[in-house]
Amino acid sequence: MQADLQAQLSKIPIVKQAKNVIVFLGDGTSISTLTAARLEKGLRTGNFEHEVMTYETFPYSTLIKTYSADKVVTDSAASATAYLTGVKGNQATIGVDANVLLNDCDAMNVPQFHTKSILRNFQEAGKSTGIVTVTRVTHASPAGNYAHTAERHWESDDDVNDAEEDSELCDDVAEQLVLGETGSQIKVILGGGRQKFTPKGVDDPEDGDGGKRDDGKNLIETWVNQKTLLGNASYVWHRNDLLGVDTSTTDYLLGLFDWSHMSYYVDKDTSNPTLEEMTRAALEILTRDSNGFYLFVEGGLIDRAHHLNEHRSAIEEALEFEKAIALADSMTDPEDTLILVTADHSQPVVINGYQDRGSDVLGLADYSDVDGLPYTAIMYTNGPGYRGEKDGSRPDPSEEDYTDPHYLGAATVPMIESNHAGEDVFLYARGPHAHLFTGIHENAYIPHAVRYAACVGDGLQFCSAKGAKEGREEEQTEGEEEE
Ligand SMILES: [Zn+2]
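Residue indices follow the written sequence of each chain, beginning from 1 at its first position. Whole-chain, interface and lining totals are the exception, using all residues; otherwise, since this is a predicted model, local features are given only for residues with pLDDT of at least 70 and side-chain atom pairs are given and counted only at 80 or more. As a convention, hydrogens and water are excluded, and side-chain values are obtained from all of the structure's heavy atoms.

Student: Quick rundown of helix α9 (residues 219-230)? Include the residues and the values.
Tutor: In DSSP terms, a helix is any run of H or I states spanning at least four residues, a strand is any run of E spanning at least two, and both are numbered starting from the N terminus. By definition here, a helix of n residues has an expected span of 1.5 Å times n minus one. Spanning twelve residues, α9 covers 17 Å between terminal C-alpha atoms, matching the ideal 16 Å at 1.5 Å per step. Taken residue by residue, α9 has Leu219, Ile220, Trp223 and Lys227 as its buried positions. Down the axis, α9 shows its buried residues gathered within 100 degrees of arc, on one side only. Exposed and facing more than 90 degrees away from the buried side of α9 are Asn225 and Leu229. Where the residues of α9 are buried, they touch α8 (173-179), β4 (188-192), β5 (233-236) and β6 (252-256). Whenever a nitrogen or oxygen atom comes within 3.5 Å of another N or O atom, the pair is scored as a polar contact, on the condition that within protein one atom can donate a hydrogen and the other can accept it, and that pairs from neighbouring residues in sequence are kept only if both atoms are in side chains. Regarding α9, its N-cap is Asn218, as a side-chain oxygen of that residue lies 3.1 Å from the backbone nitrogen of Ile220 further along. Summary of the burial criterion: residues with accessible area below 20% of their type's maximum are buried, those above 50% are exposed, and those between are partly exposed, where the area comes from a 1.4 Å probe applied to protein chains only. What the arc covers is the set of directions going from the helix axis to the C-beta atoms. Throughout, a contact is declared for two residues whenever any of their heavy atoms are within 4.5 Å.

Student: Account for the packing of aromatic side chains, with residues named and values stated.
Tutor: Ring pairs are drawn from Phe, Tyr and Trp, using the six-membered ring of Trp, whenever the two centres fall within 6.5 Å, and their geometry is named by plane angle: stacked under 30 degrees, edge-to-face over 60, tilted for the rest. Counting across every chain of the model gives seven aromatic pairs. Both rings, one in Phe24 and one in Phe321, keep their centres 6.1 Å apart while their planes meet at 70 degrees; by these two values the pair is edge-to-face. Within this pair, whereas Phe24 is found in strand β1 (residues 20-26), its partner Phe321 is found in helix α13 (residues 311-331), the two being separated by 297 residues in sequence. Given the relative accessible area of 0%, Phe24 is considered buried. Between Tyr402 and Tyr407, the aromatic rings sit 6.4 Å apart at their centres with planes inclined by 70 degrees, giving edge-to-face as the arrangement. An aromatic cluster is defined as three or more aromatic residues linked by ring pairs; in this entry it consists of Tyr55, Phe426 and Tyr428. Put simply, a charge is over a ring when the Lys NZ or the Arg CZ is close to the ring centre, within 6 Å, and near the line of the ring normal, within 35 degrees. In this structure, Lys88 is placed above the aromatic ring of Tyr67, and the distance from its NZ or CZ to the ring centre is 3.4 Å. The side chain of Lys268 reaches across the aromatic face of Tyr265, ending 4.5 Å from its centre.

Student: Tell me what's going on with the layout of surface pockets, and back it up with residues and numbers.
Tutor: Points on a 1 Å grid over protein atoms alone make up a cavity when a 1.4 Å probe fits among them but cannot get out, and a pocket when they form an open set with protein on both sides within 12 Å along at least five of seven lines; lining residues each have an atom within 4 Å of a point. Grid points are joined across faces, edges and corners, and a volume is the space filled by probe spheres set on the points. Estimates place the volume of the largest pocket at around 370 Å³. In terms of lining, the largest pocket is formed by 21 residues, of which the most central are His114, Tyr146, His148, Glu181 and Thr182. Residue classes follow a fixed rule: Ala, Val, Leu, Ile, Met, Phe, Trp, Tyr, Cys and Pro count as nonpolar, while Asp, Glu, Lys and Arg count as charged, and any other residue, Gly among them, counts as polar. The residue inventory of the lining of the largest pocket, partitioned by class, reads four nonpolar, twelve polar and five charged.

Student: So what's going on with a nonpolar patch on the surface? Residues and values would help.
Tutor: Exposure above 30% relative accessible area and the absence of a salt bridge qualify a residue for a patch, where like charges join within 9 Å and nonpolar side chains (Val, Leu, Ile, Met, Phe, Trp, Tyr) within 5 Å. To measure how exposed things are, a 1.4 Å probe is used in the Shrake-Rupley method; for residues, cover is taken only from the protein chains shown. In the sections that follow, a salt bridge refers to a side-chain nitrogen of Lys or Arg positioned within 4 Å of a carboxyl oxygen of Asp or Glu. Together, Ile31, Leu63 and Ile440 make up an exposed nonpolar region whose accessible area comes to about 230 Å². By the element assignment, Leu63 lies in strand β2 (residues 60-65).

Student: Could you give me a rundown of the packing of helix α11 (residues 275-286) against α13, with the residues and numbers involved?
Tutor: To obtain an axis, a line is fitted to C-alpha atoms, over the contacting stretch when the element is a helix, and the angle between two such axes runs from 0 to 180 degrees between their N-to-C directions. α13 packs onto α11 with a crossing angle of 25 degrees between their chain directions and a minimal axis gap of 8 Å. When the interaxial angle is binned, α11 and α13 end up roughly parallel. Between α11 and α13 lies a crossing whose hand is right-handed. Residue-level inspection shows Leu275, Glu276, Thr279, Arg280, Leu283 and Glu284 of α11 in contact with α13, the latter providing Glu320, Phe321, Lys323, Ala324, Leu327, Ala328 and Met331. For the contact of α11 with α13, the residue count by class is seven nonpolar, one polar and five charged. Roughly parallel here means an angle under 35 degrees, roughly antiparallel means over 145, roughly perpendicular means 65 to 115, and every remaining angle is called oblique. By definition, any crossing whose near helix is turned counterclockwise from its far helix by less than a right angle is left-handed, and any crossing with a clockwise turn is right-handed.

Student: Go over the state of the cysteines with me, naming the residues and quoting the values.
Tutor: Note that a disulfide, as used here, is simply two cysteine sulfur atoms within 2.5 Å. Within this structure, the stated rule accounts for two disulfides. Put simply, Cys105 and Cys170 are joined by a disulfide, and their sulfur atoms are 2.0 Å apart. Handedness here is read from the sign of the S-S torsion; for Cys105 and Cys170, about -110 degrees, the answer is left-handed. One end of the pair, Cys105, is in helix α4 (residues 105-108); the other, Cys170, is in the loop between α7 (157-162) and α8, with 65 residues separating them in the sequence. When its relative accessible area of 5% is taken as the criterion, Cys105 is described as buried. The disulfide partner of Cys455 is Cys463, and the S-S distance across this bridge is 1.9 Å. Here the S-S torsion is close to 90 degrees, and the disulfide linking Cys455 with Cys463 is therefore right-handed. The buried category is assigned to Cys455, whose relative accessible area is 14%.

Okay, here's the thing in structure tokens:
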């Protein structure tokens, strides 16, 4: 504890321009998820409760308030608008302010209602940008970087048509990624979701159910054709091909490794790279830009697994998320690269009971003093893990295989999928101006602080504030000399 105190006393803010910014977003990654991941990692390393995760070594952290413009508990779309563009939007809308209501195609096309992401700010400042996720690249969180839509589910024109809206008028998210002003300038795009990019009738290399687009557009081919004119471009859909990419000469990289979301880590799909492998490829390409870069990396399946109440799978995803963060930490310099690690919202998952030290948090906790049956340490307040009663009592988890990676954690209220939860989330920061992240802030504060640190976009900027301050100091010094 004295060493901890020493470290705290020796913290010095890095007051420099952030040349590069990396945002790590753990979808649905509540604080209890992080604690469980730490305990599980500690069990494997033998450090138990003393385990330290990479982001826990970051010098600054803050709590983040996540409510959206219209809901106390946010979804990933409205949250992405806030933490990536700096404005709170309505539930299930992306990259538009609260003037745009859900499904309002006309309003979503009004330029004044569009919000600008920090990714876009970096592009306008002449820097390179990239997005990496294990979900579809058109899913809500990554889309928050480049899309403007009144409905997060309008990922392909087929989705827009299904909603009986005009897909000619309301551009789908995949089209915005390949043809949009911001999306078309992203240099590295890695994740899942091929179905949103290819037309009906076009077979998928892995899945019998092929393309989903109604408009006949093959956006993967379009991307390849466009980017080949601009530089060295590669499209890959298999892990082996990603690992074979020469990142020292590649300027543009599109990787779509699954028909929909990528597979859960516990399912060990050999065609899927890990989040860490994708992050490495992205960083190797983006760090070649001497002007700097912005990279968004999402641990997107932590939330998906929680929605299914599969806490064992969710924790594995959280551990994979940490590996990607550790890699980025080792590949970049805190003197010029600001790294943020945060979540978009919580999940209704808790760690309860009085396990002995050194226990497996994914195992049993204790026995109920009412029915005498054991219960697991991790549980949900709602979701498909609801079991009801059998013969007048709740099922005994010790008679179930809770070591199965897809084991359903117990839930109190039955739901097809869990809801999100509304308490604050964490944010860890290291690098230039990481000290702007202490205390408690709105999610919409994050982009404002990033713009200040990186000297991009509108609002206060460190570079101009510094210039003004130096000017004032000079004036003062001159004044003193005259006296
Ligand atoms: Zn969710």
